[in-house]
Amino acid sequence: MNKNISRLAAIAQKEERHIIGLMSGTSLDGLDVALCRITGAGPGSKLHLVEFETVPYNSGFKDEVKSVFSKEMVNLQQLCLLNEWIAKEHAAIINICLAKWKIPASAVDLLASHGQTVYHAPLSLHGLTKYGNGTLQIGDGDHLAVLTGIITLSDFRQKHIAAGGEGAPLAAYGDYLLFREAGTDVILLNIGGIANITYLPGNDNSTGMFSSDTGPGNTMMDAWMQQNFDGMYFDEDAKLALSGNISEPLLVQLMRDSFLASPLPKTTGPELYNLQYLAKAQSASGTNELTVADVMATLNRFSAQTIADAIRPLIKERPCKIYVSGGGMHNPMLLDFLTTQLKGASIKSTSEKDINPDAKEAILFAILANECVAGNSDDFVSGINNFPATSMGKISFPW
């Protein structure tokens, strides 16, 4: 037997595994590196976050990714080269973190890499029926494995599409294992570049579960900041938004979008919600003369409104808890609006469940890797919309 296969089989049979989960989101804040200790697999699994760090990207890295990110026309040579280059950059970050934590690579069983999304193309967005759903993440798994010496699982989203999903959101699997509560409806809200939710009904009707994007999270706000302020990548503490006034005409126009009116579950991305979308809405509403602060205030409300509109119908007579994670949870203006609009539910950080909200997405990819190697897809209920019951991840060996 190939020694890598033997090693993987031994890892699969261990009582507990140490897995590094990686997440690099569309906001391009940095690489989330979460070292997790996971005991068991499936519904009985237990997770402990051993170490966590977000390593910020420098402006050069961000510029490289932006050269191909969310664009229909790109330089194919650049895209090809970035696939390997991003993996090398991520591998260097992982090795630095391990050295800082004084943990040898040999003590880590698996590496779970989300990669860097550069284009998300659900059928609902492109409308080309013969192609179906598509998505592309770069940051090659083989390079990660070789440069860290750790067996690597990557490219998780392709299996989700192959099994009938849209390639997003993938958080539902980890959310199901970590957060479900009997008798209480649980909604996991992650506000990244795009906002997404996982709905876990508390009535034991697992087929009622689903995971869905709701619309823009931080992506348009971040892009507006970057267009208007050199070196500023986001509206820290919503300072700019809070200094402006919401434009009702612009907000009404922003809300006039077929995606927002379509039923859950669904997925989208910055391919739709971007500054071009904003420019069209300003032109249609005659609001091109708004101040930078007023536009930001309106974009903030736009994201908050789309999230609230998606969640509100899910709040029923049963107790309902909303656990929030992602960069947007640090936006006080956005969270205040959600609190006023979703009075039928308690809104808390995932830290209430001992899950670092900034680490949650990276943790969830560690869970996916654990399930791929040691789990059983039968643990996931089949027949749930956009929740195909399948393990995910492609395996790369270090040598």
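What you see is a predicted model; the values in this text were computed from it and never measured. All chains use their own residue numbering, which begins from 1 and follows the written sequence. In keeping with the predicted nature of the model, local features appear solely for residues at pLDDT of at least 70, side-chain atom pairs appear and are counted solely at 80 or more, and the whole-chain, interface and lining totals rest on all residues. Excluded from the side-chain calculations are hydrogens and water; all other atoms, namely the structure's heavy atoms, are used.

Asker: Any chance you could break down the layout of surface pockets for me, citing the residues and the numbers?
Answerer: Of the pockets and cavities examined, the second largest pocket occupies roughly 500 Å³. Grid points spaced at 1 Å and placed over the protein atoms alone form the basis of the search, with a cavity being a set where a 1.4 Å probe fits but cannot get out and a pocket an open set showing protein on both sides within 12 Å along at least five of seven lines. Lining residues have an atom within 4 Å of a point. What lines the second largest pocket is a set of 19 residues, among which Lys66, Phe69, Ala223, Gln226 and Asn274 lie closest to the centre. For the lining of the second largest pocket, the secondary-structure elements that each account for two or more residues are α2 (59-66), α8 (219-228) and α12 (275-285). Here the residues of the lining of the second largest pocket are counted per class, giving eight nonpolar, seven polar and four charged. Grid points are joined across faces, edges and corners, and a volume is the space filled by probe spheres set on the points. Only runs of H or I of at least four residues qualify as helices and only runs of E of at least two qualify as strands under DSSP, and these elements are numbered from the N terminus. Residues were grouped as follows: Ala, Val, Leu, Ile, Met, Phe, Trp, Tyr, Cys and Pro as nonpolar; Asp, Glu, Lys and Arg as charged; and all remaining residues, including Gly, as polar.

Asker: I'd like a rundown of the packing of helix α7 (residues 172-179) against helix α15 (residues 360-374), residues and numbers included.
Answerer: Their axes nearest at 8 Å, the elements α7 and α15 cross at an angle of 90°. Overall, the two elements α7 and α15 adopt an arrangement that is roughly perpendicular. In this structure, α7 contributes Tyr173, Gly174, Asp175, Leu177, Leu178 and Phe179 to the contact, and α15 contributes Lys360, Ile363, Leu364, Ile367, Leu368 and Glu371. Residues that form the contact of α7 with α15 fall into these classes: eight nonpolar, one polar and three charged. The convention used is that axes are lines fitted to C-alpha atoms, helices contributing only their stretch in contact, and that angles between N-to-C directions extend from 0 to 180 degrees. Convention used here: angles under 35 degrees read as roughly parallel, angles over 145 as roughly antiparallel, angles from 65 to 115 as roughly perpendicular, and any remaining angle as oblique. Contact definition: two residues touch when any of their heavy atoms are within 4.5 Å.

Asker: So, the pattern of salt bridges: which residues are in play, and what are the values?
Answerer: When a carboxyl oxygen of Asp or Glu lies within 4 Å of a side-chain nitrogen of Lys or Arg, that pair is called a salt bridge. By the definition in use, this model includes ten salt bridges. Here Glu181 and Lys321 are joined by a salt bridge, their closest N and O atoms 3.2 Å apart. One end of the pair, Glu181, is in the loop between α7 and β7 (185-191); the other, Lys321, is in strand β10 (residues 320-325), with 140 residues separating them in the sequence. For the exposure calls, accessible area comes from a 1.4 Å probe over protein chains only, and a residue counts as buried if that area is under 20% of its type's maximum, exposed if over 50%, partly exposed in between. Classification of Glu181 as buried rests on a relative accessible area of 17%. With a relative accessible area of 28%, Lys321 lands in the partly exposed category.

Asker: So what's going on with the sheet that holds β10? Residues and values would help.
Answerer: Hydrogen bonds along the backbone pair up the strands of a sheet, which may run parallel or antiparallel. Each pair of strands is called paired provided DSSP finds at least two bridges between the two strands. Taken in spatial order, the five strands of this open sheet run β9-β8-β7-β10-β11, and their pairing is mixed. Of all strands in the sheet, those with a lone pairing partner are β9 (210-216) and β11 (346-349), marking the two edges. The mean angle between the axes of side-by-side strands here comes to 25°, regardless of whether they run parallel or antiparallel. Two elements, β7 and strand β8 (residues 194-200), share six bridges in a ladder whose sense is antiparallel. Bridging across to β8, Val186 finds its partner in Leu200.

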